[in-house]
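Residue-level listing of the chains:
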Amino acid sequence: MRMKRVVSILAVAVLVFGLTGCNAITIDGETENVSGEAAGNGSIGFSISTLNNPFFVTLSEGAKEKAKTEGEKLIVVDAGDDAAKQTSDIEDLISKNISVLIVNPVDSDAVAPAVKDAVSRGIKVISVDRGVNGVDVDCAIASDNVEGAKMATEYMVSLLGENAKVAELEGVSGASATIERGKGFHLVADEKLDVVSKQTANFNRSEGMSVMENMLQANSAIQGVFAHNDEMALGAVEAVGNKKILVVGFDATDDAVAAVKAGKMAATVAQKPNLMGETAVETAIQILRGETVEKTIPVEVELITKESVK
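- The protein is annotated in an unreviewed UniProt entry as Periplasmic binding protein domain-containing protein from Mediterraneibacter gnavus.
- Of the protein, the UniProt comment under Sequence similarities (unreviewed entry) reads exactly: "Belongs to the bacterial solute-binding protein 2 family."
- UniProt's Subcellular location (unreviewed entry) comment on the protein is quoted here verbatim: "Cell envelope".

As structure tokens, this is what we get:
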């Protein structure tokens, strides 16, 4: 009897030390990894805000190409600009036992609970292009949106002069890119321009056109418009037609650069979505290898005008 009790105690001790050695804690029947290494099966999940936008298509392609070159498994899911779907997508990626989550939020606030869930399960997180509010991610990769918008607005002032009447087409409410580009715009515009109208068009070209049409009907004196992305800027170009209204966008998509060359848009701010995608996957691979990565990785921006394109 005494021998059985000793064996039982030894078995429990082995179990406890075994769990300690693999840095795991069991809570309510679930095992949670608490080591500094990523949990999961070594795969990378990428939740992207939308693939109905050339910028994010290029971002996705950059990530896929890098993963293919490196022989890494990458699962890409498209939220379709729907914050609720993105939450569901991330939970699905978690259920697939991924090790690293790359997230490009639809809404920087709305995505936070799902990202926190991933973090709690030992999944490493990289945000790309847009941040995740209230979550300390392992790495944030983004352009300097504030500086890019400031640059674009200063260019508008140089062409229109101070106190010109301008409008602002805002991106998806709550997205960090919307917040940061709006901040950069207003740092200059509130001092040197007269902002007579601003409204969201959700980073969408058709919405950009209809919102711009409504703005022009309400105020025909508008001389210029700053759009938080090129899709809205191109929609504004359609709404403006032959009117002499200066349009500036952000992203330097192929269509926007062509519009700048043709003189339909005054400028756009060039990001490098392909490089962002590559960098995100490269950083994920470094994390999988247990390497230390930078908390923030900035990607430079550049103002594209008709002169610079030439």
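What to know about the sheet that holds strand β3 (residues 44–48)
Here's step 1: On the basis of which strands lie adjacent, the open sheet formed by 6 strands has the order β4-β3-β5-β6-β7-β13 and parallel pairing. Edge positions in the sheet fall to β4 (74–78) and β13 (296–299), since each of these pairs with one other strand and no more. Put simply, the sheet's adjacent strands are angled 15 degrees from each other on average, direction ignored.
Here's step 2: Alignment of strand β7 (residues 139–143) against β13, held across 4 bridges, turns out to be parallel. What sits directly across from Ser143, in β13, is Val299.

With respect to the pattern of salt bridges
Here's step 1: Taken as a whole and judged by the stated rule, the model has 11 salt bridges.
Here's step 2: Its salt-bridge partner being Glu70, residue Lys66 comes within 3.4 Å of it at the nearest N-O pair. Here Lys66 and its partner Glu70 are both found in helix α2 (residues 54–70), 4 residues apart, which amounts to about one turn of the helix.
Here's step 3: Given the relative accessible area of 33%, Glu70 is considered partly exposed.

Topic: the environment of Met265
Here's step 1: Assignment of secondary structure puts Met265 in the loop between α9 (254–261) and β12 (267–270).
Here's step 2: Take Met265: its relative accessible area is 3%, and that puts it in the buried class.
Here's step 3: Counting along the chain gives 20 residues from Met265 to Ile245, while the straight-line C-alpha distance between them is 9.1 Å.

Here we look at α2
Here's step 1: For α2, spanning 17 residues, the distance from its first C-alpha to its last is 24 Å, which sits close to the expected 24 Å at 1.5 Å a residue.
Here's step 2: When α2 is considered as a whole, its buried residues turn out to be Phe55, Phe56, Leu59, Ser60, Gly62, Ala63 and Ala67. Angularly, the buried residues of α2 cover 155 degrees about the axis, an arc narrow enough to put them on a single face. Facing away from the buried surface of α2 by more than 90 degrees, the exposed residues are Lys68 and Thr69.
Here's step 3: As for α2, its buried residues are in contact with β3, β4, β6 (124–128) and α10 (273–288).
Here's step 4: Sitting at the amino-terminal end of α2 is Asn53, which places a side-chain oxygen 2.9 Å from the backbone nitrogen of Phe55.

What counts and what doesn't
- Residues numbered from 1 in each chain as written.
- Predicted model: local features only at pLDDT ≥ 70, side-chain atom pairs only at ≥ 80, totals over all residues.
- Heavy atoms only, no water.
- UniProt positions renumbered as here; feature names shortened; annotations may be inferred.
- Pairing = 2+ DSSP bridges.
- Helix = DSSP H or I, 4+ residues; strand = E, 2+ residues; numbered from the N terminus.
- Axes fitted to C-alpha atoms, helices over the stretch in contact; angles between N-to-C directions.
- Salt bridge = Lys/Arg side-chain N within 4 Å of Asp/Glu carboxyl O.
- Buried < 20%, exposed > 50% of the residue type's maximum accessible area, 1.4 Å probe, protein only.
- Expected span 1.5 Å × (residues − 1).
- Arc of directions from axis to C-beta.
- Contact = heavy atoms within 4.5 Å.
- Polar contact = N/O pair within 3.5 Å; in protein donor to acceptor, adjacent residues only side chain to side chain.

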